[in-house]
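Tertiary structure, described
Here is how the chains run, residue by residue.
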Amino acid sequence: ICSLPVRMHTVHNIARNELPELYQKIMRFAYKHLHVTPVAINESVKKSIEENYGLSSEHIPLIKNGVDITKFYNDTKVKGKITLINVGRFSPQKNHSLLIECFKDIAEACPDTELILVGEGELKADIQAKVNAAGIDGKVIFAGNVSNVENYLARADVFVMSSDYEGLPLSVIEAMASGLPVVSTKAGGVVDLVHDGENGILVDVGDKDNFVGAVLSLIKDRESLKKMGEVSRAIAEGYSVDKMVRDYENLYRKKLQVTK
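Throughout what follows, the structure given in this document is the object of discussion. (Residues numbered from 1 in each chain as written. Predicted model: local features only at pLDDT ≥ 70, side-chain atom pairs only at ≥ 80, totals over all residues. Heavy atoms only, no water.)

The biggest cluster of nonpolar side chains holds 43 residues, and the ones touching the most others in it are I49, I85, L153, F159, V172 and L193. Of the residues forming this core, the biggest block, five residues, is contributed by helix α7 (residues 170-177). With residues up to four places along the chain from it excluded, the contact list for I49 reads V11, A15, P38, A40, G54, L55 and I60. Ranked by size, the runner-up nonpolar core spans 31 residues in total, among them L99, I106, C110 and V183. (Core = buried A, V, L, I, M, F, W, Y, C linked by side-chain atoms within 4.5 Å. Buried < 20%, exposed > 50% of the residue type's maximum accessible area, 1.4 Å probe, protein only. Helix = DSSP H or I, 4+ residues; strand = E, 2+ residues; numbered from the N terminus. Contact = heavy atoms within 4.5 Å.)

Now the structure itself:
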């Protein structure tokens, strides 16, 4: 309506899950007839855009999400207690219910373990009730929304994520920048960040037993935990916010040149 020369939309999640069906129909029309360019944040999202909207690969730029990796650091850990951490809103997508079920088994096998949950959301009360019912309320910390997530990540040992689907989660990149190994379900773009056996362990979506086993294997093998964390930090270097900004600027300039 405003006759803008360039129109873009960054798709931050698997395309079929990003928007309600009505909005997907609108975007399908916008992509094909209004010269709106969809920008993918990783290969998984790019492929999902191709499949969901029937677009060819060359019309879908890929620009990876970035974070300010300079503000994340790894604190000196004390031997003994292991701290697991998850950062994410309490919503069906994140499947915190599965995470609590897993942590109950982890805490029984390794009592000197705690779980920090950072975030808010519509399902928080339900998850708190599940924690209380499981009798692990003394081991689970609900931190809420925080402005200093880097401090919470610094005190943790392992980042855990039990999502059913993801785009390219910034929380995982931030955890990796903090030097943490990641145990996660194979949810969308997580597989582009976590190299199984190198900087973390991946399990199938909904696979409780293997998720528990993966976390316990790292707790029992502190040397592997440390080495995976070092690999995480190295991989995170490729997801700097500076590179993301440069890539977007270059894309804008390229599109503006085409419209002149």
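Here the narrative resumes.
Its place among the elements puts M161 in strand β6 (residues 158-161). On the accessibility criterion, M161 (1% relative accessible area) is buried. Spatially, the C-alpha atoms of M161 and T185 are 6.6 Å apart, while their sequence positions differ by 24 residues. What M161 contacts, discounting residues up to four positions off in sequence, is N86, E166, P169, S171, V172, V183, S184, T185, V190 and F211.

Nonpolar side chains collect at one region of the surface, where L22, Y23 and I26 lie side by side and expose about 330 Å² of accessible area between them. With respect to the helices, strands and loops of the structure, Y23 is situated in helix α2 (residues 21-33). (Patch = residues over 30% accessible without salt bridge, like charges linked within 9 Å, V, L, I, M, F, W, Y side chains within 5 Å. Areas by Shrake-Rupley, 256 points an atom, 1.4 Å probe, with all protein chains shown as cover. Salt bridge = Lys/Arg side-chain N within 4 Å of Asp/Glu carboxyl O.)

As a further point, take the sheet that holds strand β4 (residues 113-118). Here we have six strands laid out as an open sheet, ordered β5-β4-β3-β6-β7-β8, and parallel in their pairing. Two strands in the sheet have a free side with no partner beyond their single neighbour: β5 (140-144) and β8 (200-203). The mean angle between the axes of side-by-side strands here comes to 20 degrees, regardless of whether they run parallel or antiparallel. In this sheet, β4 lies alongside strand β3 (residues 82-87) in parallel orientation, the contact comprising six bridges. Of the residues in β4, the one forming a bridge with N86 is L117. (Pairing = 2+ DSSP bridges. Axes fitted to C-alpha atoms, helices over the stretch in contact; angles between N-to-C directions.)

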